[in-house]
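Report on the structure
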Amino acid sequence: QVHLTESGGGLVQVGGSLRLSCTVSGDFSISSINAMAWYRQAPGGQRELAALVTSNGRTNYLDSVKGRFTISRDNNAKNTVHLQMNNVKPEDTAVYYCNVDLYDEQYPLWGQGTQVTVSP
């Protein structure tokens, strides 16, 4: 089995920074990672893609987070993906979910979610 472990959520003030991390563990190989992403779901809202990074380093961001969020894979641990959140806004408040697409898995894998709350 393959597991995703998320960390780094919490309470942050408007304009502050937070870094989320997600580590893939279990029976898999690094080379099987096609893409790693962070989704988010605000209260009463739908889950949306916040940021994604592919195995060849291509990134994609939700328009509202461009220039503020950066997704990256850890240089020393390619099974870990980070989401650096800078200049956060109240509308960034959501549960953030790690999502990993493996070539040899039928469906993408999801983390349990981590709460990010931005206070005024």
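The shown structure was predicted, so the numbers you read here are calculated from the model rather than taken from an experiment.

Each helix and strand counted, the protein has 0 helices and 11 strands in total. When the helices and strands of the protein are placed in sequence order, the string is β-β-β-β-β-β-β-β-β-β-β. Principal-axis analysis of the C-alpha atoms places the extent of the protein at approximately 45 × 25 × 20 Å. Counting over 120 residues, the protein shows a buried share of 42%. Considering only contacts within the protein whose residues lie at least 6 apart along the sequence, 55% involve residues at least 24 apart. Surface summary for the protein: the accessible area is close to 6,300 Å², and the carbon and sulfur share equals 46%. Positive and negative charge centroids in the protein, built from 9 and 10 side chains respectively, lie 8 Å apart.

As enumerated under the stated definition, the model contains 4 salt bridges in all. Here D92 and R40 are joined by a salt bridge, their closest N and O atoms 3.0 Å apart. With D92 in the loop between β8 (80-85) and β9 (94-102) and R40 in strand β4 (residues 33-41), the pair connects residues that are 52 residues apart, well separated along the chain. By relative accessible area, D92 is classed as buried at 0%.

Next up on the list: the sheet that holds strand β1 (residues 2-7). Across the sheet, 4 strands lie side by side as β1-β3-β8-β7; this open sheet has antiparallel pairing. The strands lining the two open edges of the sheet, one partner per strand, are β1 and β7 (69-73). In this sheet, adjacent strand axes meet at a mean angle of 15 degrees when their direction is disregarded.

Quick look at the side chain of D92 now. Of note is the side chain of D92, whose polar atom sits 2.7 Å from the side chain of R68. Not counting the four nearest positions on each side in its chain, D92 is found in contact with R40, V65, R68, F69, V116 and V118.

A separate point is the state of the cysteines. Two cysteines, two sulfur atoms, one covalent bond between them: this is a disulfide. Across all of its chains, the model carries 1 disulfide by this definition. The disulfide partner of C22 is C98, and the S-S distance across this bridge is 2.1 Å. Looking along the S-S bond of the C22-C98 disulfide, the torsion reads about -85 degrees, which is the left-handed sense. Of the two residues, C22 sits in strand β3 (residues 18-26) while C98 sits in strand β9, which places them 76 residues apart along the sequence. In terms of burial, C22 and C98 fall into one category: buried.

Position of L109 among the secondary structure elements: in strand β10 (residues 109-110). Between the C-alpha atoms of L109 and M85, which are 24 residues apart in sequence, the distance is 22 Å. For L109, the contacting residues outside a window of four places in its chain are V2, L4, C98, N99, V100 and L102.

Consecutive side chains along a regular strand alternate between the two faces of the sheet. With 5 of its 6 residues buried, β8 lies for the most part within the structure. When β3 meets β8, the two strands line up antiparallel, connected through 6 bridges. Bridge pairing in β8 places L18 opposite M85. In this structure, the hairpin formed by β7 and β8 is closed by a connection of 6 residues.

Cut-off values and rules
Here, residues in each chain are numbered from 1, in the same order as that chain's written sequence. Only residues with pLDDT of 70 or above have their local features reported here, since the model is predicted, and side-chain atom pairs are shown and tallied only from 80 upward, although totals for entire chains, interfaces and linings are computed over all residues. Note: side-chain values were computed over all heavy atoms of the structure, leaving out hydrogens and water. Helix and strand assignments follow DSSP, with helices taken as H or I runs no shorter than four residues and strands as E runs no shorter than two, numbered in order from the N terminus. Only protein chains enter the calculation, and the probe is 1.4 Å; a residue is then buried if its accessible area is under 20% of its type maximum, exposed if over 50%, and partly exposed in between. For this analysis, residues touch if any pair of their heavy atoms sits within 4.5 Å. Only the protein chains shown count as cover for residues, and the accessible areas themselves come from Shrake-Rupley with a 1.4 Å probe. Positive charges are assigned to Lys and Arg, negative charges to Asp and Glu, while His and the chain termini are left out of the count. For this purpose, a charge sits on NZ of Lys, CZ of Arg, CG of Asp or CD of Glu. Salt bridge, as used here, is a side-chain nitrogen of Lys or Arg placed within 4 Å of a carboxyl oxygen of Asp or Glu. Two strands are counted as paired when DSSP detects at least two bridges linking them. To obtain each axis, a line is fitted to C-alpha atoms, and for helices this fit is confined to the stretch in contact; angles are then taken between N-to-C directions over 0 to 180 degrees. Whenever two N or O atoms come within 3.5 Å, that pair is a polar contact, provided that in protein one can donate a hydrogen and the other can accept it, and provided that, for residues adjacent in sequence, both atoms are side-chain atoms. Defined by distance alone, a disulfide is two cysteine sulfur atoms within 2.5 Å.

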